[in-house]
Amino acid sequence: MMNIVKVLVTFTVLSVTLQLAFVAGTNYTVGAPGGWDLNTNYTKWVSTITFYPGDNLIFSYATTHDVWEVKESDYQTCTKGSAIKQYTGGNNVIALTEAGSRYFYCSITGHCGQGMKLQVSVVTKDSSSPPSPPSGNSPPSPPKNDAAALNGIGTRLAIALVLGEMLMFFV
Ligand SMILES: *[C@@H]1O[C@H](CO)[C@@H](O)[C@H](O)[C@H]1NC(C)=O
Ligand SMILES: *[C@@H]1O[C@H](CO)[C@@H](O)[C@H](O)[C@H]1NC(C)=O
Ligand SMILES: [Cu+2]
């Protein structure tokens, strides 16, 4: 009787852990390793990543900066119009919940013009067409991105399996 309970508990925990391993998105620290500052090329940073729904952007920055999510026209022209959402404080987690483009800049005067702006294209996982790169010059690098994504899933799967086995042993 006790054994059945053990097995049930183990399988429930393992299945939840596995689901988390596959469903949980990836956290990307914007501009890593530099962060959100005046010295990072965000066009370049963003071009190495494919964003999927469920991923998070983590803005980490000195409080002399801020983060505004804005509409595309304001992003393109660095116009300080009305923000979709404003963030301050130096550490913000912004969820990328669905496919589409998102636009961010620092609202401090001059900073957007100096390059402190970020456009993110979120694509669905089964999407056959890759996201168009922000600049027409550099070709996209899907093999690298896919490898990175697989790597992330592989790592999480491995962690989930190890956790599951440990539980199987100890419960
Ligand atoms: C991403 O960051 C959030 C907020 O800090 C945290 O709750 C979550 O566990 C992180 N997810 C991953 C996959 O690291
Ligand atoms: C940022 O990087 C992109 C892509 O690598 C490049 O085309 C662009 O010239 C860079 N911008 C600056 C200001 O260096
Ligand atoms: Cu700034």
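Predicted, not measured: the structure shown is a model, and the values here were computed from it.

Engineer: Please explain the overall build of the protein as it appears in this structure.
Structural biologist: Within the protein, the secondary structure is distributed over 4 helices and 7 strands. In the protein, 74% of the contacts between residues at least 6 apart in sequence involve partners at least 24 apart.

Engineer: Before we go on, may I ask you to explain the sheet that holds strand β2 (residues 56-60) in this structure?
Structural biologist: In sheet architecture, strand pairing relies on hydrogen bonds along the backbone and comes in two forms, parallel and antiparallel. Strand order in this open sheet of 3 strands is β1-β2-β5, and the pairing throughout is mixed. Edge positions in the sheet fall to β1 (27-29) and β5 (91-95), since each of these pairs with one other strand and no more. Here the strands of the sheet are splayed against their neighbours by 25° on average, with no regard to which way each runs.

Engineer: I tried to follow the environment of Gln76 on my own but got confused; where do I start?
Structural biologist: Within the secondary structure, Gln76 sits in helix α3 (residues 72-77). Through-space distance from the C-alpha of Gln76 to that of Cys112 is 9.6 Å; in sequence the pair is 36 residues apart.

Engineer: Any chance you could explain the confidence of the model for the protein here in plain terms?
Structural biologist: Close reading of the predicted structure is inappropriate where its pLDDT is low. Put simply, the protein has an average pLDDT of 76, and 60% of its residues get 70 or more. Contacts of residues 7-14 to residues separated by more than four positions or lying in other chains number 7 contacts, the stretch itself having pLDDT below 50. Below a pLDDT of 50 lies the segment residues 132-164, which in the model reaches 24 contacts outside its immediate sequence neighbourhood of four places, other chains included.

Engineer: Looking at this structure, I do not really get the environment of Met116. What am I missing?
Structural biologist: Positionally, Met116 belongs in the loop between β6 (100-105) and β7 (117-122). Met116 sits in the buried class, given 25 other C-beta atoms within 10 Å. A C-alpha to C-alpha distance of 7.4 Å links Met116 and Trp36, two positions 80 residues apart in sequence.

Engineer: Please explain the pairing of β6 as it appears in this structure.
Structural biologist: Where strand β3 (residues 67-69) lies against β6, 2 bridges are found, and the strand directions are antiparallel. From the neighbouring strand, Trp68 faces β6, where its bridge partner is Tyr105. Of the pairings in the sheet, the one linking β6 to β7 comprises 6 bridges and is antiparallel in character. Across the sheet, the residue bridging to Arg102 is Val120, located in β7.

Engineer: Got a minute to help me understand the site of ligand 1 in this structure?
Structural biologist: In the vicinity of ligand 1, the residues found are Ala24, Asn27, Asn56 and Val93. Within the shell around ligand 1, the residues separate by chemical class into 2 nonpolar, 2 polar and no charged.

Engineer: Just to check I follow, could you spell out the nonpolar core for this structure?
Structural biologist: Side chains of a nonpolar character, in soluble globular proteins, are inclined to be buried together. Within the largest apolar cluster, 20 residues are counted, with the highest numbers of intra-cluster contacts made by Phe59, Val67, Tyr105, Leu118 and Val120. Those elements that place two or more of their residues in this core are α2 (42-46), β2, β3, β6 and β7. Once residues within four sequence positions are removed from consideration, Val67 is found in contact with Trp36, Phe59, Tyr87, Asn92, Phe104 and Cys106.

Engineer: Just checking my understanding: could you explain the sheet that holds strand β4 (residues 85-87) for this structure?
Structural biologist: In spatial order, the strands read β4-β3-β6-β7; together these 4 strands make up an open sheet with antiparallel pairing. Only two strands of the sheet have a single neighbouring strand rather than two, namely β4 and β7. For this sheet, the mean inter-axis angle between neighbouring strands, taken without regard to orientation, is 20°.

Reading the values: rules and limits
- Residues numbered from 1 in each chain as written.
- Chains lettered and ligands numbered in written order.
- Predicted model: local features only at pLDDT ≥ 70, side-chain atom pairs only at ≥ 80, totals over all residues.
- Helix = DSSP H or I, 4+ residues; strand = E, 2+ residues; numbered from the N terminus.
- Contact = placed C-beta atoms within 7 Å.
- Pairing = 2+ DSSP bridges.
- Axes fitted to C-alpha atoms, helices over the stretch in contact; angles between N-to-C directions.
- pLDDT = per-residue confidence, 0-100.
- Buried ≥ 20, exposed ≤ 12 C-beta atoms within 10 Å, placed from the backbone.
- Near = placed C-beta within 6 Å.
- Nonpolar A, V, L, I, M, F, W, Y, C, P; charged D, E, K, R; others polar.
- Core = buried A, V, L, I, M, F, W, Y, C linked by C-beta atoms within 7 Å.

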